[in-house]
Amino acid sequence: MVGYDPEAKCVSTVEAAAAGSASGLVTRVLVSPLDVLKIRFQLQIEQLSSRNPTAKYHSILQAVQRIFREEGLGAFWKGHVPAQFLSVGYGAVQFMAFESLTELVHNVTPYSPRGSFVHLVCGGLAACTATVAVQPVDTLRTRFAAQGEPKIYPNLRHALLTMYQTEGPRTFYRGLTPTLVAIFPYAGLQFFFYNILQQFSQWVNPAEEKKGGNIKNLVCGSCAGIISKTLTYPLDVVKKRLQVGGFEHARAAFGQVRTYRGFLDCMRRIRQEEGPGGFFKGLSPSLLKAAFSTGLVFFWYELFCGLLCALKSPDSTGRKGG
């Protein structure tokens, strides 16, 4: 299982960072289309319904067909380069911080580093650390995924220079407040429920602890992702709306656009103009993405950690549960 284990220590913090990076890279390639769908839905002001003639997107299948018809297959990987920087950097910092924090808990407190509530707190703190480190890349990724045709930013270098010159350096941290507010419970709950589900599966089938461990990691991670995403989703919508501030001209082809003065103003206007359902736009592709991405992140992380353990000690059985 993820986190410091004093009984089976075979992965250093540097190796945890490497495993986190590799896990993020592989997962990003596989879930990028769902991420593009989620962002398009979140940024649409109009109601996501086929009964609304002004809505560009109103269902997953219809959105997939329309994006493919209008923008081609490559549109589902728009912003993939900054997204990969995001995933690799985020995975490295998050898992390195998580391993370090759980080890710190073991060394300086009476609490077990394997406890679910320890994973809740350490997971949230690790995610906040990673978020601050990669927030500029996340903003770039959102801009690329949000733009239509013709493109405003043809490449990453052009986007960096244009955003810096026209909007200033602070633009790369748009939406940081709701991101931090949302990421602590979201990531904390991911690690919390992953830990709970792993313990539950071992309690149900103690004899199956090692057999089929990789599939178990995938299932536990997917369930943890769905639960945590549902509980924290409204803040993710607000974050995405704020990140495209100053980018309204590039979204004219998608329908109505809004300019928000900040976190609270964005929440107030979404509630007034779009109703409570506005905070859950794009939830369906987001839950699909959360299930796949969280499951795959934990799956690949545990797998890579197991491989690192095996490389260091050929006779090692790897990490417990990996």
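Analysis parameters
- Residues numbered from 1 in each chain as written.
- Predicted model: local features only at pLDDT ≥ 70, side-chain atom pairs only at ≥ 80, totals over all residues.
- Heavy atoms only, no water.
- UniProt positions renumbered as here; feature names shortened; annotations may be inferred.
- Helix = DSSP H or I, 4+ residues; strand = E, 2+ residues; numbered from the N terminus.
- Buried < 20%, exposed > 50% of the residue type's maximum accessible area, 1.4 Å probe, protein only.
- Contact = heavy atoms within 4.5 Å.
- Areas by Shrake-Rupley, 256 points an atom, 1.4 Å probe, with all protein chains shown as cover.
- Phe/Tyr/Trp six-rings, centres within 6.5 Å; stacked < 30°, edge-to-face > 60°.
- Expected span 1.5 Å × (residues − 1).
- Arc of directions from axis to C-beta.
- Polar contact = N/O pair within 3.5 Å; in protein donor to acceptor, adjacent residues only side chain to side chain.
- Salt bridge = Lys/Arg side-chain N within 4 Å of Asp/Glu carboxyl O.

- The name given to the chain in an unreviewed UniProt entry is Mitochondrial thiamine pyrophosphate carrier, with Scytalopus superciliaris as the source organism.
- Recorded under Sequence similarities (unreviewed entry), the UniProt text for the chain is reproduced unchanged: "Belongs to the mitochondrial carrier (TC 2.A.29) family."
- Looking at the chain in UniProt, the text filed under Subcellular location (unreviewed entry) is "Mitochondrion membrane".

Considering the overall build of the chain
- For the chain, the helix and strand inventory stands at nine helices and zero strands.
- Looking at the chain residue by residue over its 322 residues, the buried ones come to 54%.
- Expressed as a percentage of contacts within the chain between residues at least 6 apart in sequence, the contacts between residues at least 24 apart total 78%.
- Split by element, the accessible area of the chain, about 14500 Å² in all, is 66% carbon and sulfur.

Some thoughts on the UniProt feature "transmembrane region" (unreviewed entry) in the chain
- Annotation from UniProt places "transmembrane region" (unreviewed entry) at residues 290-311.
- Along residues 290-311, the helical share is 100% and the strand share 0%, with 31 Å between the first and last C-alpha atoms.

Topic: the packing of aromatic side chains
- The full count for this structure, using the stated rule, is 13 aromatic pairs.
- Considering the side-chain rings of phenylalanine 98 and phenylalanine 191, the 4.1 Å spacing of their centres and the 25 degrees angle between planes classify their relative orientation as stacked. Here phenylalanine 98, found in helix α3 (residues 80-108), pairs with phenylalanine 191, found in helix α6 (residues 176-204); they are 93 residues apart in sequence, far enough to count as distant. With respect to class, phenylalanine 98 is no different from phenylalanine 191; both count as buried.
- Between the aromatic rings of phenylalanine 117 and phenylalanine 192, the centroid separation amounts to 5.3 Å while the plane-to-plane angle is 55 degrees, which identifies the pairing as tilted. Placement of phenylalanine 117 in helix α4 (residues 116-146) and of phenylalanine 192 in helix α6 is noted, with a sequence separation of 75 residues between them.
- Taking the relative accessible area as the measure of exposure, phenylalanine 117 reaches 60% and is therefore exposed.

Quick look at helix α2 (residues 60-71)
- Here α2 contains 12 residues, and its C-alpha end-to-end distance of 16 Å stays within 8% of the 16 Å for a straight helix at 1.5 Å per residue.
- Those residues of α2 not exposed but buried are Gln62, Ala63, Ile67 and Glu71. Along the long axis of α2, the arc covered by the buried residues comes to 125 degrees, so they all point the same way. Exposed and oriented more than 90 degrees from the buried face of α2 are Leu61 and Arg69.
- Elements in contact with the buried residues of α2: α1 (13-43).
- The distance from a side-chain oxygen at the start of α2 to the backbone nitrogen of glutamine 62 is 3.2 Å, and the residue carrying that oxygen is serine 59.

Observations regarding the pattern of salt bridges
- Scanning the model with the defined rule gives 18 salt bridges in all.
- When the shortest N-O distance is used, the salt bridge between glutamate 274 and arginine 241 registers 3.0 Å. Note that glutamate 274 is positioned in helix α8 (residues 263-274) and arginine 241 in helix α7 (residues 213-243), a separation of 33 residues in sequence.
- Overall, glutamate 274 belongs to the buried group, its relative accessible area being 17%.
- Ionic pairing is found between aspartate 265 and arginine 261, a salt bridge with its closest N-O pair at 3.3 Å.

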